[in-house]
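Each chain is listed here by its residues.
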Amino acid sequence: VYRVAIETGLRLGELRSLTPASFDLDTVRPTVTVEAAYSKHRREDVLPLKPDTAADLRNFLEAKAPGEPAFSLPKWWKPVKMLREDLAAAGIPYRDDAGRVADFHSLRHTCGSLLVEAGVHPKVIQVLMRHSTITLTMDRYSHTVLQDLFGAVAALPDLSPDSADEGKRGARATA
């Protein structure tokens, strides 16, 4: 369930609503469908799945009846306990040094941040995350770290005086 949450950005309630029938796994482009009644925006949402995730889901879901829940999630108030126990078992702290918590909704933030890190166009991320505005996507669901900033600076062209491109840039010296 954590893998599907991170790879799709689905909310906890949406994940709870999924049944084996929600998945179309036997196609070249596998998908998961959240019915309108369970979508935050009350519309049917069809999201792509990675092929390797689809293959694992196919094996995982084969013994389940079409109408039963795809994932065994605890009652609505207990996912925090489940996640905390799983994090502890994996040696991952629930709260990091910056005070951020690894709650279930943070998996959705992880999805957005990984898409940004992979260089996916912001508009595509907005659509995948099913946000109403690009501002919400970029301001709240994409998190940068110092390593991202180093990568951005490393992508700048060579501006040293002995650079072969010196005359082509039209740069002027300033005080």
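Presented here is an overview of the structure given in this document. Along each chain, the written sequence defines residue order, and numbers are assigned to residues from 1. With pLDDT at 70 or above as the cut-off, local features in this predicted model cover only qualifying residues; side-chain atom pairs require 80 or more to be listed or tallied, and sums for whole chains, interfaces and linings still use all residues. Excluded from the side-chain calculation are hydrogens and water; included are all heavy atoms of the structure.

## Notes on the layout of surface pockets
- Residues are said to line a cavity or pocket when one of their atoms sits within 4 Å of a point; the points come from a 1 Å grid over protein atoms alone, cavities being sets where a 1.4 Å probe fits but cannot get out and pockets being open sets with protein on both sides within 12 Å along at least five of seven lines. Grid points are joined across faces, edges and corners, and a volume is the space filled by probe spheres set on the points. Its boundaries defined by the atoms lining it, the second largest pocket holds a volume of some 220 Å³.
- Around the second largest pocket, the lining residues are Ile6, Glu7, Thr8, Leu47, Pro48, Leu49, Lys50, Cys111, Leu114, Leu115 and Leu128.
- Under the DSSP-based scheme used, a helix requires at least four consecutive residues in state H or I and a strand at least two consecutive residues in state E, with every element numbered from the N terminus. Looking at the lining of the second largest pocket, the elements that each hand over two or more residues are α1 (2–8), β3 (45–48) and α5 (106–117).
- When its residues are assigned to classes, the lining of the second largest pocket shows eight nonpolar, one polar and two charged. Residues are sorted three ways: Asp, Glu, Lys and Arg are charged, Ala, Val, Leu, Ile, Met, Phe, Trp, Tyr, Cys and Pro are nonpolar, and all the rest, Gly among them, are polar.

## Brief notes about the side chain of Thr8
- Relative to the helices and strands, Thr8 resides in helix α1.
- Residues count as neighbours in contact if any of their non-hydrogen atoms are within 4.5 Å of one another. In this view, Thr8 contacts Val32, Leu47, Pro48, Leu49, Cys111 and Leu128; residues no more than four positions away in its chain are not counted.

## Focus: the environment of Thr110
- Tracing the sequence through the fold places Thr110 in helix α5.
- Three exposure classes are used, based on accessible area relative to the maximum for each residue type with a 1.4 Å probe and protein chains only: buried under 20%, partly exposed in between, and exposed over 50%. Judged by relative accessible area, Thr110 falls into the partly exposed class, the value being 30%.

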